Amino acid sequence: MPSDVAAPALRVSIGEDDVLLREGIARILAEAGLDVVAQSGDAEDFLRRTLAYRPDVAIVDVQMPPRREDDGLVAAVRLRSLLPGTAVLILSQFCEPAFALDLIGDHPEGVGYLLKERVGNVTSFTDAVARVAGGGSALDPEVVGMMLGRPAAAGPLSVLTPRELAVLAAMAEGRSNSGIAENLHISLAAVEKHVTSIFRKLGISAAGSEHRRVHAVLTYLQQHRQNRH
């Protein structure tokens with residue numbers, strides 16, 4: 001007999017020193033059916049509260065008190081090491097791929113990086129929160145665009161065609177196949193063909209669809225990290 005019990009709401013903690021933005025994010029998430037369990041305006045307090053409440057997702061600004069530098073990012077990296085099961089979504093005023101790479105490390109599962117201006121697109125923002133909570137990735141299109149603009153002549157991605165690279169970049173943004181088709185103005189069948197080809201060329205073995213997509217994104221990010229050095 002099927003159960004009528006609804007799935008528990010995603011639990012979220014928020015770290016943002018701008019009070020109006022923090023309250024706005026909390027309201028957006030609450031109206032979307034999420035449970036905001038903790039709010040902080042300080043990176044150290046954010047880390048303490050998040051470790052105490054153990055939410056499904058932690059949303060945090062890069063620049064926060066006490067130093068007002070990369071305190072939020074440092075707290076997020078620390079959080080990932082202490083609570084690897086907690087998804088992390090970073091918000092930033094600046095388009096800086098290095099922030100995303102520092103947070104992601106070698107594990108892109110359950111990680112997102114968005115510019116603050118994306119919060120205004122409620123549907124896109126809440127979709128990103130849900131996506132990272134589900135173990136996926138959500139990278140800001142501007143960040144991905146900067147990475148895509150620095151291709152390497154050699155490396156694992158050199159075997160991909162320009163269209164396959166564009167599809168992979170859209171995957172890094174967290175887009176579904178249908179979302180990629182709409183964004184690139186191609187058919188869903190064409191997207192599925194490109195995705196299959198990407199997995200094959202990158203040597204990603206058959207496994208869960210989301211796992212393979214995250215693995216492909218990791219390859220994408222690792223090559224960008226190598227290009228920086």
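Structure first, text after, so check above.
To start, this report covers the structure provided alongside it. Every value quoted in this text rests on a predicted model; they were computed, and no experiment measured them.

Rules and cut-offs
Residues numbered from 1 in each chain as written. Predicted model: local features only at pLDDT ≥ 70, side-chain atom pairs only at ≥ 80, totals over all residues. Heavy atoms only, no water. Core = buried A, V, L, I, M, F, W, Y, C linked by side-chain atoms within 4.5 Å. Buried < 20%, exposed > 50% of the residue type's maximum accessible area, 1.4 Å probe, protein only. Contact = heavy atoms within 4.5 Å. Pairing = 2+ DSSP bridges. Helix = DSSP H or I, 4+ residues; strand = E, 2+ residues; numbered from the N terminus. Axes fitted to C-alpha atoms, helices over the stretch in contact; angles between N-to-C directions. Polar contact = N/O pair within 3.5 Å; in protein donor to acceptor, adjacent residues only side chain to side chain.

## Regarding the nonpolar core
1) Next: If you look at the biggest cluster of nonpolar residues, it comprises 26 residues, and the most contacted ones within it are Leu-79, Ile-90, Leu-103 and Tyr-113.
2) Next: Setting aside its immediate chain neighbours within four residues, Ile-90 contacts Val-60, Val-62, Gly-72, Leu-73, Ala-76, Leu-103, Gly-112, Tyr-113 and Leu-114.
3) Next: Counting residues in each nonpolar core, the second largest holds 19 residues, with Val-57, Ile-59, Leu-89 and Leu-114 among its members.

## Considerations on the sheet that holds strand E6 (residues 137-139)
1) Next: The parallel open sheet is built from 6 strands, whose spatial order is E2-E1-E3-E4-E5-E6. Of all the strands in the sheet, just strand E2 (35-40) and E6 have a single pairing partner and so form its edges. When the angles between neighbouring strand axes are averaged without regard to direction, this sheet yields 20°.
2) Next: Here strand E1 (residues 11-15) pairs with strand E3 (residues 57-61) via 4 bridges, running parallel. The partner of Ser-13 across the bridge, within E3, is Ala-58.
3) Next: Seen against the sheet, helix H1 (residues 19-31) touches E1, E2, E3 and strand E4 (87-92) and runs at an angle of roughly 170° to E2.
4) Next: Each of E1, E2 and E3 touches helix H2 (residues 43-53); the most contacted strand, E2, lies at about 150° to it.

## Re the environment of Ser-81
1) Next: By the secondary structure assignment, Ser-81 is in helix H3 (residues 71-82).
2) Next: Take Ser-81: its relative accessible area is 48%, and that puts it in the partly exposed class.
3) Next: A polar atom in the side chain of Ser-81 sits 2.6 Å from the backbone oxygen of Arg-78.

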